[in-house]
Amino acid sequence: MHDTLFLFGATGDLAQRYLFPSLLRLLGDGLLPEDFKVRALALSPHDTDAFREILRPRLQQAMPMASQDDIHSLLQRIDYRSVDLRNPESVAESVHDLVDRNCVSYLAIPPGLYISTCEGLAKGGALAAPHRLMLEKPIGSDSASAEEIISTIGQWIDEDRVFRLDHYLGKAAVQNLIALRFGNTLLEAVWNRNYIESVHILVAESEGVDGRDAYYARSGALRDMVQSHILQLLCLVAMEPPASLEADRIRDEKVKVLRALRPLDAKHAARDSVRGRYTAGTINGQPAQAYQPPEGSDVETFAGVTAHIDNWRWSGVPFHLVTGKRLAERTTRVVVTLKPVTHWLFERPHRGNATPNRITFQLQPQENIELGLMSSLAGPEWGALELHPLELELSVPTGLHRRIAYERLFLDAFNGNHALFVRDDEVRAAWAWIDSVSDAWKEAKLPLQPYPAGQWGPEEAAGFLPADADADATRGGQA
Ligand code: BG6
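Residues numbered from 1 in each chain as written. Predicted model: local features only at pLDDT ≥ 70, side-chain atom pairs only at ≥ 80, totals over all residues. Heavy atoms only, no water.

J.: In this structure, what is going on with the environment of Ala444? I would like to understand it.
T.: Turning to its location among the elements, Ala444 is positioned in helix 13 (residues 424-444). With 179 residues separating them in the primary sequence, Ala444 and Asp265 have C-alpha atoms 8.7 Å apart. (Helix = DSSP H or I, 4+ residues; strand = E, 2+ residues; numbered from the N terminus.)

J.: Help me understand the packing of helix 7 (residues 172-182) against helix 9 (residues 213-238) in this model?
T.: To describe two helices that pack against each other, one gives the angle between their axes and the distance between the axes. At a closest axis distance of 9 Å, the pairing of helix 7 and helix 9 adopts a crossing angle of 10°. Between helix 7 and helix 9, the angle is such that the two are roughly parallel. Across the interface between the two elements, Val174, Leu177, Ile178 and Arg181 from helix 7 touch Leu233, Leu236, Val237 and Ala238 from helix 9. (Axes fitted to C-alpha atoms, helices over the stretch in contact; angles between N-to-C directions. Parallel < 35°, antiparallel > 145°, perpendicular 65-115°, else oblique. Contact = heavy atoms within 4.5 Å.)

J.: So what exactly am I meant to see when it comes to the site of the ligand here?
T.: Neighbouring the ligand are Lys137, His167, Tyr168, Lys171, Glu205, Arg212, Asp224, Met225, His229, Lys325, Arg330 and Gln364. Arg330 is positioned with one of its side-chain polar atoms (N or O) 3.3 Å from an oxygen atom of the ligand. A distance of 3.0 Å separates an oxygen atom of the ligand from a polar atom in the side chain of Gln364. Taking 400 Å² as the accessible area of the ligand by itself, protein coverage stands at 81%. Residue composition of the shell around the ligand, grouped by class: 2 nonpolar, 3 polar and 7 charged. (Near = heavy atom within 4 Å. Polar contact = N/O pair within 3.5 Å; in protein donor to acceptor, adjacent residues only side chain to side chain. Areas by Shrake-Rupley, 256 points an atom, 1.4 Å probe, with all protein chains shown as cover. Nonpolar A, V, L, I, M, F, W, Y, C, P; charged D, E, K, R; others polar.)

J.: I tried to follow the confidence of the model for the protein on my own but got confused; where do I start?
T.: Close inspection of predicted coordinates is inappropriate for parts of the model with low pLDDT. Summarising the model, the protein shows a mean pLDDT of 94, and 96% of its residues fall at 70 or more. Per-residue pLDDT stays below 50 along residues 475-479; that stretch engages in 13 contacts with residues further than four places along the chain or on separate chains. (pLDDT = per-residue confidence, 0-100.)

J.: Help me out: how do you make sense of the UniProt feature "binding site: NADP(+)" (unreviewed entry) in the protein in this one?
T.: The UniProt entry lists Asp84, Leu85 and Lys137 under the feature "binding site: NADP(+)" (unreviewed entry), expressed in the numbering used here. Within the secondary structure, Asp84 is located in the loop between strand 3 (78-82) and helix 4 (88-95). Look at Asp84 and you get partly exposed, because its relative accessible area is 34%. In contact with Asp84, other than residues within four places in its own chain, are Leu43, Ser90 and Val91. (UniProt positions renumbered as here; feature names shortened; annotations may be inferred. Buried < 20%, exposed > 50% of the residue type's maximum accessible area, 1.4 Å probe, protein only.)

J.: Honestly, helix 9 in this entry has me stumped. Any pointers?
T.: Working note: α-helix, 3.6 residues per turn, so residues spaced by three or four point in the same direction. The largest bend in helix 9 is about 100°, located at Gly220. Within helix 9, 23 of the 26 residues are buried, which leaves it mostly tucked inside the rest of the structure. (Bend = angle between axes of the 7 residues up to and from the residue.)

J.: How should I be thinking about the packing of aromatic side chains in this particular structure?
T.: The way to describe two aromatic rings as a pair is by their centre distance and the angle between their planes. In this structure the tally under the stated criterion is 14 aromatic pairs. With centroids separated by 5.9 Å and ring planes inclined at 90°, the aromatic side chains of Tyr216 and Tyr291 adopt a geometry described as edge-to-face. Of this pair, Tyr216 sits in helix 9 while Tyr291 is found in the loop between strand 10 (286-288) and strand 11 (302-308), placing the two residues 75 residues apart along the sequence. You'll find Tyr216 and Tyr291 in the same group, each marked buried. Feature note: the residues Tyr216, Tyr278, Tyr291, Phe302 and Tyr451 constitute an aromatic cluster, connected by ring pairs. When the ring centre of Tyr168 is taken as reference, the NZ or CZ atom of Lys171 above it lies at 4.6 Å. (Phe/Tyr/Trp six-rings, centres within 6.5 Å; stacked < 30°, edge-to-face > 60°. Lys NZ or Arg CZ within 6 Å of the ring centre and 35° of its normal.)

J.: Any chance you could explain the pairing of strand 4 (residues 103-107) here in plain terms?
T.: Here is the key point about a regular strand: its side chains alternate between the two faces of the sheet. Summarising burial for strand 4: 5 of the 5 residues are buried, a large majority. Note that strand 1 (residues 4-8) and strand 4 share 5 bridges and pair parallel. When the sheet's bridge partners are listed, Leu7 is paired in strand 4 with Tyr106. Where strand 4 and strand 5 (residues 132-135) come together, 4 bridges link them in parallel fashion. (Pairing = 2+ DSSP bridges.)

Right, dumping it as structure tokens:
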């Protein structure tokens, strides 16, 4: 197992909120090597003691149950170096004394700094075998910049030692999509265009852009969320069964889905997509401010796109992909709506009023599965066979110990397991489709629709949302 972590971006929000706390949990559970060591790297001119004192309260806050011994033990394993990531010499200098160990470099920094940082790592000897590289999303901001990053870094390190993160893949509930699909005959039997009418993938956040203005002003919802998390969810829902769980067999199937995505064209932009930005509103009874990007940026905080997968299994089935910030609630769900029954026997309700069967996989904040059926049990006594919708809620056992996504991803990268990381061709294929959406938006001049914070997005988004959120949106109210 690799035993030395170079953590670039060590003073940033991601590192302080998620990465160091994840390491603390792994350490507490005895899952890190005996002589595990972290070199924290960032621009600020701290020394190691000062950095440890900054990190200590953050760890306590993130992991209130952690023991003081574990916190102390983690802090003792961390040393800090100030580094200028624009200067490869500075990067090389900051790592070279440790490269006789088995090192993993983790870049939790803006992608614009990936190339100069990796050049420095290569100079310092930290990208030669057996060292590994972990790269946060996004890899670039479009196809051209992603290609530049992938091919330039590829000169210094082989693909089988690169681990590109999408932290959604580290979530237990997301991995469970693979388990549910391929561990059950029931689902696979109906999992195609013959039975499925539509699929909605919704990643709604109640949080706003707060504190990440510089990044967000260049990114927006499409690049920040759809390019990565939502397309990964789409792949898991739509991919063919892999021949095995070997990393490349899964990734082969995912990339086929991405390559089968029909590019959006300007002609269909208004029909197949919507973009919005939140204005002032109310979240959980508290006033929330409007998002105001800096002058010159016209990014969206809400994106809805209907994707079409042009292959045998999914031909004609729309996949509605929706994400937004400052929405009515935080929820991630995949809703699969089935086609109506072929021949309707019942007088009540009338065929047109029957609720279609629906399978909802709720992934966050709680995990559960809902099955929407039509049944006479929920109706009056026998007499007229009258059908009513019946929601069967299949709750996933609670109280199970689930690792937060980054713990799982650290362990897999340290152990060399690629299954939950994104391969170079996936990144390329995902950006190719995202570029088509963003080009179509530009060409069609798709307007940004305002929506008050705390609602389900702009009015124009109603048709893109799954039925329950859609009903709330149409009522114009909060969930
Ligand atoms: C990140 C995005 O990748 O995912 C953020 O950059 C977003 O904008 C976050 O808030 C959502 O992650 P989670 O795990 O809270 O759903």
